Amino acid sequence: MGLSIKNIYTTLCMLLLAAGLIHSQMTLADIPEIRTDEGVIQFTQGEVLDVAITPGNNPYLLAAISFDGAVSLTTDGNLIDTFEPVNALSEIVSIEVSDFKENDSSGMLLVAMADWTRFRILLRGLDPNTGKFLELAQASNNGIVFVPPRTTHVCFGRDIYDGSLYLFAGGDHGRFIQFRIYEESTGQINVHELQEIVIGGPTTSCYSDDKTGLVYITEPDMGLWKVISDTEEVPLREPVALNKPYGVLSEAISVSGLVRGDERLYMVADADEEAFY
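Residues numbered from 1 in each chain as written. Predicted model: local features only at pLDDT ≥ 70, side-chain atom pairs only at ≥ 80, totals over all residues. Heavy atoms only, no water.

Lay out the overall build of the protein with the relevant residues and their values.
In terms of regular secondary structure, the protein is built from one helix and 22 strands. Considering the protein as a whole, with its 277 residues, one finds that 53% of them fall into the buried category. Considering only residue pairs separated by 6 or more positions, the protein has 45% of its internal contacts joining residues 24 or more positions apart. With an accessible surface of roughly 12,700 Å², the protein has 47% of that area assigned to carbon and sulfur atoms. (Helix = DSSP H or I, 4+ residues; strand = E, 2+ residues; numbered from the N terminus. Buried < 20%, exposed > 50% of the residue type's maximum accessible area, 1.4 Å probe, protein only. Contact = heavy atoms within 4.5 Å. Areas by Shrake-Rupley, 256 points an atom, 1.4 Å probe, with all protein chains shown as cover.)

Following this line, the structure appears as structure tokens:
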């Protein structure tokens, strides 16, 4: 499915690094266990396939654990809550979290989980005060978004003009799909597919820069791409950094970002070089 232990640890390290929870000198080879400024986090059941960090001043860690579903933890590794899909064959391989409403980390958070074996994305809420998962009774289709088989990663983003919430999904099928998530006046939460961009090869991660309207995508066989999230524009992909001999990368597997005021920092993990750029 395009995921390996190295890929998983790389993604986890990048997320924690972006959140300031681990030290910047850590490299890919240094992560047999997850060390944060709060201590060491160890998982004793299942295999960690992906992690996410909640926004706001009181962050939680969310982890997708093979066929066991997902868990929420404090940053020092204490278990808060678990989410187990109804179908025992479900395998959650990617997890993302965002404010449901723009710049409102005090309200409900929205969690998206890619279910590899059931060809779907599961949407759930998360209480920012307790770190507990919430059912989305008001979501259309019970919070299920169907996607192509072999979907391996998801990420959230926002429209640069009106703050609308986007959900992006990609994977081994070589397509990058953009959805819009919106709330009706009745409180109903709906998901609408906006566009599909053909990348060609398998993709492994994405990151949306909500200030520029650009979405960055890693394609291990080629490098790092960017696409415009504005559906009024032509949905072309443009290279940001390519693999050798056309660029410095060898196998770009994960991209993340950090915005501090006007400063923007993008991090790309290269599995073959075992380094961050």
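Before we move on, could you go through the environment of Gly 77 and cite the residues and values that matter?
Inspection of the secondary structure assignment puts Gly 77 in the loop between β5 (69-73) and β6 (79-83). Judged by its relative accessible area of 24%, Gly 77 falls in the partly exposed class. Spatially, the C-alpha atoms of Gly 77 and Tyr 60 are 9.3 Å apart, while their sequence positions differ by 17 residues.

So what's going on with the sheet that holds strand β18 (residues 223-228)? Which residues, and what values?
The four strands are arranged β16-β17-β18-β19 in an open sheet whose pairing can be described as antiparallel. At either end of the open sheet lies a strand with only one pairing partner, and these are β16 (205-209) and β19 (237-242). Averaged over all adjacent pairs, the angle separating strand axes in this sheet is 25 degrees, with direction ignored. With five bridges connecting them, β16 and strand β17 (residues 214-219) associate as antiparallel partners. Bridging across to β17, Tyr 207 finds its partner in Tyr 216. (Pairing = 2+ DSSP bridges. Axes fitted to C-alpha atoms, helices over the stretch in contact; angles between N-to-C directions.)

Quick one: what's the story with the nonpolar core, residue by residue and with numbers?
The biggest cluster of nonpolar side chains holds 22 residues, and the ones touching the most others in it are Ile 121, Leu 123, Leu 167 and Ile 181. At the level of elements, β8 (109-115), β9 (120-126), β12 (151-158), β13 (165-171) and β14 (175-183) are the ones that each hand at least two residues to this core. When neighbours within four sequence positions are excluded, Leu 167 is seen to be in contact with Ala 112, Ile 121, Leu 123, Val 154, Cys 155, Phe 156, Ile 177, Gln 178, Phe 179 and Ile 181. Formed by 14 residues, the second largest nonpolar core is a distinct cluster that contains Ala 52, Ile 95, Leu 109 and Phe 133. (Core = buried A, V, L, I, M, F, W, Y, C linked by side-chain atoms within 4.5 Å.)

Break down the side chain of Asp 209 for me, with residues and values.
Secondary-structure assignment places Asp 209 in strand β16. Given a relative accessible area of 1%, Asp 209 falls into the buried group. Discounting chain neighbours no more than four positions away, the residues touching Asp 209 are Leu 214, Tyr 216, Arg 264 and Tyr 266.

Before we move on, could you go through the pattern of salt bridges and cite the residues and values that matter?
Applying the stated criterion across every chain, the model contains six salt bridges. The salt bridge involving Lys 101 is made with Glu 183; its shortest N-O contact spans 3.8 Å. One end of the pair, Lys 101, is in the loop between β7 (92-99) and β8; the other, Glu 183, is in strand β14, with 82 residues separating them in the sequence. Residue class for Glu 183 comes out partly exposed when judged on its relative accessible area of 38%. Where Arg 124 meets Glu 135, a salt bridge forms, and the shortest distance between an N and an O atom there is 3.6 Å. Here the residue Arg 124 occupies a position in strand β9, and Glu 135 occupies one in the loop between β10 (133-134) and β11 (144-146), the gap between them amounting to eleven residues. Residue Arg 124 is classed as buried on the basis of its relative accessible area of 11%. (Salt bridge = Lys/Arg side-chain N within 4 Å of Asp/Glu carboxyl O.)

Describe the state of the cysteines, listing the residues and the values that go with them.
According to the stated counting rule, one finds one disulfide in the structure shown. Across a sulfur-sulfur distance of 2.1 Å, Cys 155 and Cys 206 are joined as a disulfide pair. Given an S-S torsion of about -125 degrees, the disulfide between Cys 155 and Cys 206 has left-handed geometry. Pair noted here: Cys 155 is in strand β12 and Cys 206 is in strand β16, with a separation of 51 residues, a long-range link. (Disulfide = S-S within 2.5 Å.)

Would you mind going over the packing of aromatic side chains in detail, with residue names and values included?
Here the structure, examined in full by the defined rule, presents five aromatic pairs. Ring geometry for Phe 168 against Phe 176: centres 5.6 Å apart, planes inclined by 10 degrees, an arrangement best described as stacked. A residue is classified by how much of its surface remains accessible, and Phe 168, at 1% relative accessible area, is buried. The rings of Tyr 166, Phe 168 and Phe 176 are connected pair by pair, giving a single aromatic cluster. Sitting above the plane of the Trp 225 ring, Arg 237 keeps its charged end 4.1 Å from the centroid. (Phe/Tyr/Trp six-rings, centres within 6.5 Å; stacked < 30°, edge-to-face > 60°. Lys NZ or Arg CZ within 6 Å of the ring centre and 35° of its normal.)

Please set out the sheet that holds β6 residue by residue, giving values where relevant.
Reading across from one edge, β3-β4-β5-β6 is the order of the four strands in this open sheet, with antiparallel pairing throughout. For this open sheet the edge positions go to β3 (48-53) and β6, each flanked by a neighbour on one side alone. Adjacent strand axes in the sheet meet at a mean angle of 20 degrees when their direction is disregarded. Here four bridges tie β5 to β6, and the two strands are oriented antiparallel to one another. Paired with Ala 70 across the strands is Phe 83, a residue of β6.

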